Amino acid sequence: MRPVLSGSDSNDRKLIKTFNRSCPGKLVRAVKNPSATRHPTLGPIVGIWEAYALDETFRDKGSSGGVLSSLSAWMLERGIASTVSGASKESTNPRRTVPVTITTKEQALKAAGSRYAPVSALSGESALKVGNAVVGKPCEVSAMRSYENMEGRDNSIKLSFFCAGTPSQEATDSLIEKLGIPKTKPLKDLWYRGNGWPGNFTAIAKDGQRVETSYDESWGAALGPTVQWRCRVCPDGVGESSDITAGDFWEADENGYPKFSDMPGRSVLIARTSRGFELVQAAEREGVIALRPADPEAVAKMQPYQFSRRRYLFGRLLASQIFLGAAPRVRGFGIIKATLGEPIRTYRELRGSISRIRHRRRAGIKS
């Protein structure tokens, strides 16, 4: 995506400068926060907990404990935020995911749960307004923080989540069809996760036909392999530019692979700024969420993909630069140090990335 120029030389220069310094496709900077402890995988940490929503409806419907949804509803009810920008299913076509502006607890509950499809929460009408909060992907929150830094302000409360990338819309449509609902049949509802944890991918047609499959099958076999290439070279899948980040509190097997057995949802909750820490503490005091201190090292072991993507990123970036002609600039994540520490693994990552790029070209995948 390129900025839309105005025709005025001075305005266009400013617009291009803003774009180049805030677009995460061009530049991603690690967050430097003197009040936080920096973890090599998890980023800046002021506080870290195992958490879940005390409202059982939010906890059940949310993807991993319902924490971000319940925090959104609480901030609106307390007047901490006037609106919350996020993403949800389109009301008339639940196959699609759209930006939404949330103003009530009911709307926050309706928007609860992950949407593994392309959408921009920042394209909502309230996203950049003073007093708004944003629940967005790490790249969106990074762009917002960079933009606000350039504008000399920090008005929005920024919430994010652990992200493994954005799959294609076609992957969702194909999965629904594979499960038995044709692409031409209208849907009444669709959720990727939630209604239990980790929750099944579930689609319900307007005529009542219902199909579903496990999270392991939906993400692992159908959606995950179609993640955009830009996501493959992302240094920040843990939302370190946010005030508060949430992610799954997975239990793992002896190989570090998450166990997908059904159980009550739990979140990893990280406060990355003093503002985020104060919000989390206030929400606990007011009975919105339950907290228990977590060990960052244990959490990092629950996220082997985030660990490997950041540690061996140089190989992917180099492959992108050579074979695609472009790669985002990455600053402050220590990737050169990581590369020097494990050059053989980095070389293997380079070879693997070259192979994946060639495969995507043969398959006609452009994103």
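These lines cover the structure that appears in this document, whether it is placed above or below. Everything numeric in this text was worked out from a predicted model, so none of it was measured.

1. Overview of the sheet that holds strand β11 (residues 210–213)
Sheet architecture is open: three strands sit in the order β9-β10-β11, paired in antiparallel fashion. Each edge of the sheet is formed by a strand with only one pairing partner; in this case those strands are β9 (187–191) and β11. This sheet shows a mean twist of 10° between the axes of neighbouring strands, independent of strand direction. Bridge count between strand β10 (residues 201–205) and β11: four bridges; the pairing is antiparallel.

2. Quick word on the pattern of salt bridges
Scanning the model with the defined rule gives 24 salt bridges in all. A salt bridge links Asp173 to Arg96, with the shortest nitrogen-to-oxygen separation between them at 3.3 Å. In this pair, Asp173 is assigned in helix α6 (residues 169–179) and Arg96 in the loop between β5 (83–89) and β6 (97–102), connecting sequence segments 77 residues apart. Classification of Asp173 by relative accessible area gives buried; the value is 11%. Three or more residues are tied together by salt bridges with common partners; here these are Arg145, Glu148, Arg153, Asp154, Lys158, Asp243 and Arg275.

3. With respect to empty space enclosed by the protein
Rolled over the atoms, a probe as big as a water molecule pinpoints where empty space is left. For the structure shown, the criterion picks out one cavity of 30 Å³ or more. In this structure, the largest cavity spans a volume of roughly 30 Å³. Pro24, Val28, Pro138, Cys139, Ser142, Arg230, Cys234 and Asp236 are the residues that line the largest cavity. Examining the composition of the lining of the largest cavity, we find that three residues originate from one element, helix α5 (residues 138–151), more than from any other. In the lining of the largest cavity, the residues fall into five nonpolar, one polar and two charged.

4. Points about helix α7 (residues 215–223)
Listed in full, the buried residues belonging to α7 are Tyr215, Ser218, Trp219 and Leu223. Burial along α7 is one-sided: seen end-on, the buried residues are contained in an arc of 80°. Close packing links the buried residues of α7 with α6, β10 and β11.

5. With respect to the packing of aromatic side chains
In this description, a pair of aromatic rings is defined by centroid distance and the angle of the planes. Considering all chains together, one arrives at five aromatic pairs under this definition. Centroid distance Tyr116 to Tyr215: 6.5 Å. Interplanar angle 45°. Geometry classified as tilted. Within this pair, whereas Tyr116 is found in the loop between α4 (105–110) and β7 (132–135), its partner Tyr215 is found in helix α7, the two being separated by 99 residues in sequence. Here Tyr116 falls in the buried class, since its relative accessible area comes to 15%. With a relative accessible area of 11%, Tyr215 lands in the buried category. With centroids separated by 5.5 Å and ring planes inclined at 80°, the aromatic side chains of Tyr192 and Phe201 adopt a geometry described as edge-to-face. Here the aromatic residues Tyr116, Tyr192, Phe201, Tyr215 and Trp219 are joined through ring pairs into a cluster of three or more. One cation-aromatic arrangement involves Arg59 over Tyr52; the distance from NZ or CZ to the ring centre is 3.8 Å. The ring of Tyr215 is capped by Arg193, whose NZ or CZ atom sits 4.7 Å from the centre of that ring.

6. Some details on unusual backbone geometry
Each neighbour pair has its own omega, and for Trp197 with Pro198 the value is 0°, a cis peptide bond. Counting through the fold element by element, Pro198 comes out in the loop between β9 and β10. Positive phi is not limited to glycine here, since Asn195 has a value of about 55°. Residue Asn195 is classed as partly exposed on the basis of its relative accessible area of 42%.

7. A short note on the sheet that holds β5
Pairing is mixed across the open sheet formed by eight strands, whose spatial order is β6-β5-β7-β8-β12-β13-β4-β14. Taken across any chain shown, the strands that pair with only one partner, and hence form the sheet edges, are β6 and β14 (289–293). Taken over all neighbouring pairs, the strand axes of this sheet differ in orientation by 25° on average, direction set aside. In terms of strand pairing, strand β4 (residues 47–53) meets strand β13 (residues 267–271) through five bridges, oriented antiparallel. Within the sheet, the bridge partner assigned to Ile48 lies in β13 and is Ile270. Against the sheet, helix α3 (residues 67–78) engages β4, β5, β6, β7, β8 (157–161), β12 (244–248), β13 and β14, with an angle of about 165° to β8.

Calculation notes
Residues numbered from 1 in each chain as written. Predicted model: local features only at pLDDT ≥ 70, side-chain atom pairs only at ≥ 80, totals over all residues. Heavy atoms only, no water. Pairing = 2+ DSSP bridges. Helix = DSSP H or I, 4+ residues; strand = E, 2+ residues; numbered from the N terminus. Axes fitted to C-alpha atoms, helices over the stretch in contact; angles between N-to-C directions. Salt bridge = Lys/Arg side-chain N within 4 Å of Asp/Glu carboxyl O. Buried < 20%, exposed > 50% of the residue type's maximum accessible area, 1.4 Å probe, protein only. 1 Å grid on protein atoms, 1.4 Å probe; cavity = no way out; pocket = protein on both sides within 12 Å on 5 of 7 lines; lining within 4 Å. Points joined across faces, edges and corners; volume = space filled by probe spheres on them. Nonpolar A, V, L, I, M, F, W, Y, C, P; charged D, E, K, R; others polar. Arc of directions from axis to C-beta. Contact = heavy atoms within 4.5 Å. Phe/Tyr/Trp six-rings, centres within 6.5 Å; stacked < 30°, edge-to-face > 60°. Lys NZ or Arg CZ within 6 Å of the ring centre and 35° of its normal.

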